[in-house]
Amino acid sequence: MLTTITLNRTEQLDVDKHNRAGFSCGVKELDKFLQQKARKESPSLSLTFVATCAEDPAQILGYFSLSATNLRADDLPDDIRKKFGQYGVVPATLLGRLAVAENYQRSKDLRLGEFLLIDAMFRTWNAAQSVASFGMLVRILKGDKGDPTPFYDRFGFIRCAQTADSVYLPMKTSEGILQESGLIP
Amino acid sequence: MATRKKVNKQVNLERVAMRVPAAIKEKFERAAYLKGETFSGWAKTVLAEAADRQIRDHEFFEMAIADRLSFMEAVLSPPKPTRVAVDAAKRYKKVLGL
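Residues numbered from 1 in each chain as written. Chains lettered and ligands numbered in written order. Predicted model: local features only at pLDDT ≥ 70, side-chain atom pairs only at ≥ 80, totals over all residues.

## A short note on the interface of chain A and chain B
In this assembly, 43 residues from chain A lie in contact with 34 residues from chain B. Only β3 (62-72), β4 (89-100), α3 (112-128), β5 (135-139), β7 (166-170) and α5 (171-180) of chain A provide two or more residues apiece to the side of chain A that touches chain B. At 6 residues, the largest contribution of residues to the side of chain A that touches chain B is made by α5 of chain A. The class makeup of the residues in the side of chain A that touches chain B is 22 nonpolar, 11 polar and 10 charged. (Contact = placed C-beta atoms within 7 Å. Helix = DSSP H or I, 4+ residues; strand = E, 2+ residues; numbered from the N terminus. Nonpolar A, V, L, I, M, F, W, Y, C, P; charged D, E, K, R; others polar.)

## Observations concerning the pairing of β7 of chain A
Within a regular strand, the side chains alternate between the two sheet faces. Residue and element names in this part refer to chain A. Burial within β7 is extensive, with 5 of its 5 residues counted as buried. Every second residue of β7 is oriented toward a common face, with S166, Y168 and P170 on one face and V167 and L169 on the other, all of them buried. Both β5 and β7 contribute to a ladder of 5 bridges, which runs antiparallel. Residue V138 lies in a different strand from β7, and its bridge partner there is V167. Counted between consecutive antiparallel strands, the loop separating strand β6 (residues 158-159) from β7 contains 6 residues, among which D165 sits at a positive phi close to 55°. (Buried ≥ 20, exposed ≤ 12 C-beta atoms within 10 Å, placed from the backbone. Pairing = 2+ DSSP bridges.)

## Brief notes about the packing of α3 of chain A against helix α4 (residues 83-95) of chain B
Across the interface, α3 of chain A lies against α4 of chain B with an axial gap of 9 Å and an inter-helix angle of 90°. The angle between α3 of chain A and α4 of chain B falls in the class roughly perpendicular. For the pair formed by α3 of chain A and α4 of chain B, the contact residues are E114, F115, I118 and D119 of chain A on the first element and A88, A89, Y92 and V95 of chain B on the second. Here the residues of the contact of α3 of chain A with α4 of chain B are counted per class, giving 6 nonpolar, no polar and 2 charged. (Axes fitted to C-alpha atoms, helices over the stretch in contact; angles between N-to-C directions. Parallel < 35°, antiparallel > 145°, perpendicular 65-115°, else oblique.)

This is the structure in C-alpha cells:
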C-alpha cells in the first residue's frame, strides 16, 4: 500500500499496462468484472476507466464502467413521451460498475469513491454534448460490503420507488454540479 | 394453378459443442423431454430466447413505468446539485489541477 499518492486523470483500462489481477475491492463480482469481463466488453458493450497514481501507474486504485442505454417510452402517455422525441426511447448513460480498492476505501484524504463518481459524471456530460443522454442510471449492487445506496443519495441521485435497487441523476443536475465547481463554464 | 416453389435459402449451419457434467446434461435432457422437444431443438430455443433477452437488457434499462415517469419529470425539472456533490467536484478539480 502506497503512502503518498498523486492521482492521475482516469484512463481507459489497458490490460497491458494496468494490473487487473492485483485489484480487490472486497466484492467478488466487481473484482471479477475488472479481471475477466471489462476488456471483453470494450468497446462495444461498455468502457472501463481506471484511477491510477503517478507513484505506481500500473496499480488500479479504483474503476468504473459506462455504457449507453435507453429507457422505454413507447408505453408512456403521449404528452410526456413527445417531449423526448418521437422514437419511443429515452437515451441515458449506465454507470455499470464503480469500485475502489479495499486498501484505499477508508482513506479520508483520497476519497476515491467521489473522485470516480465525479469523473464518471464529467465523462458522461462530455459525451452527452455529442450523443444525447438524459441522465445517469445506476443499478445498485448490494455486496459483501453492504449497501452503497446512501453514497448515491448524498450526490443527489434519486431512488426509484418501484424498481429495486435503482437510482438516477438527471444530466442537467450533473451539469449543475460541474458548473458550480468550475469544471465546465 | 401456380404451384409455389419452396425456396431453400442457403444458411450456413455451424456446430455448437460444449462439455458439461453428466448431471447437468441429464437435467437438460429431462427439461427437453418435458417440453416434448429433442435436446438440440430445446437448446436452440432456450439459447435464442436467452440471447434476445440479454441483448434487450443491454439496450434497455428495465424500470417500472412509474419510475420512468419520475425520471422524465426530473429531467424536465432537474433537482439542484447537492452541497456534497459540488464540494466533491471542487476537490476533483483541485486534485487534478484542472
